Amino acid sequence: MNKKLFSLFFLYSIFISCKNYYNETMDWADNLVVETDIETVRKSQPEFVDIDWQNPIIIDGQEYYEIEIKNNQDILNMQNFLVFENKKYKRRETKK
């Protein structure tokens with residue numbers, strides 16, 4: 001019984017120690033000021049966010065940069081993007 005209890009506690013400890021940065025990332029993106037230049041946004045990027053700034057997806061003249069979140073545990077597996085036009089921030093978009 002003690003081994004099972006210890007194992008369960010150990011697994012639970014590992015699970016809760018993995019920080020999920022999803023909410024912090026959404027707060028950061030949602031608080032970016034519209035029309036902020038891309039370099040300022042890049043400099044404000046949190047350490048737990050990865051963005052491939054060299055390879056945007058271009059749709060109708062807008063640049064979509066996918067946000068990769070470290071330790072993301074989003075069960076819906078949503079894709080989040082920062083959208084820029086003429087190197088100015090426009091919005092965050094979420095897609096399934």
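Structure first, text after, so check above.
Residues numbered from 1 in each chain as written. Predicted model: local features only at pLDDT ≥ 70, side-chain atom pairs only at ≥ 80, totals over all residues. Heavy atoms only, no water.

Caption draft 1: Looking closely at the pattern of salt bridges. Scanning all chains against the criterion turns up six salt bridges. Of the charged contacts, one joins Lys87 and Glu63 as a salt bridge, the two residues approaching to 3.3 Å between their closest N and O atoms. Placement of the pair is Lys87 in the loop between β4 (79-85) and β5 (88-95) and Glu63 in strand β3 (residues 62-69), with a sequence separation of 24 residues. On the basis of relative accessibility, which here comes to 42%, the residue Lys87 falls in the partly exposed class. Look at Glu63 and you get buried, because its relative accessible area is 14%. (Salt bridge = Lys/Arg side-chain N within 4 Å of Asp/Glu carboxyl O. Helix = DSSP H or I, 4+ residues; strand = E, 2+ residues; numbered from the N terminus. Buried < 20%, exposed > 50% of the residue type's maximum accessible area, 1.4 Å probe, protein only.)

Caption draft 2: Structural view of the environment of Gln73. Mapped onto the elements of the fold, Gln73 is located in the loop between β3 and β4. Residue class for Gln73 comes out partly exposed when judged on its relative accessible area of 35%. As for Gln73 and Asn20, which are separated by 53 residues in sequence, their C-alpha atoms are 6.2 Å apart.

Caption draft 3: Structural context of the nonpolar core. Judged by nonpolar contacts, the single largest core of 17 residues is most densely connected at Trp28, Val41, Ile51, Trp53, Ile67, Leu82 and Phe84. Residue assignment for this core shows that the elements contributing at least two residues are α2 (22-30), α3 (38-44), β1 (49-51), β3 and β4. Here this core takes four residues from α2, the largest share from any one element. If we skip the residues at most four places from it in the chain, Trp53 touches Ile38, Val41, Arg42, Gln45, Tyr65, Leu82 and Phe84. (Core = buried A, V, L, I, M, F, W, Y, C linked by side-chain atoms within 4.5 Å. Contact = heavy atoms within 4.5 Å.)

Caption draft 4: Structural detail: α2. Along α2, the positions that sit buried rather than exposed are Tyr22, Thr25, Met26, Trp28 and Ala29. Looking down the long axis of α2, one finds its buried residues gathered within 160° of arc, a one-sided arrangement. Of the surrounding elements, those touching the buried residues of α2 are α3, β1, β3, β4 and β5. (Arc of directions from axis to C-beta.)

Caption draft 5: Here's a closer look at the side chain of Asn80. Examined against the element boundaries, Asn80 turns out to sit in strand β4. For Asn80, a relative accessible area of 1% puts it in the buried group. A polar contact is formed between the side chain of Asn80 and the side chain of Arg92, at a distance of 3.3 Å. Excluding its chain neighbours within four sequence positions, the residues that come into contact with Asn80 are Tyr22, Met26, Tyr65, Glu66, Ile67, Arg92, Glu93 and Thr94. (Polar contact = N/O pair within 3.5 Å; in protein donor to acceptor, adjacent residues only side chain to side chain.)

Any link to function would need more than the numbers given here.
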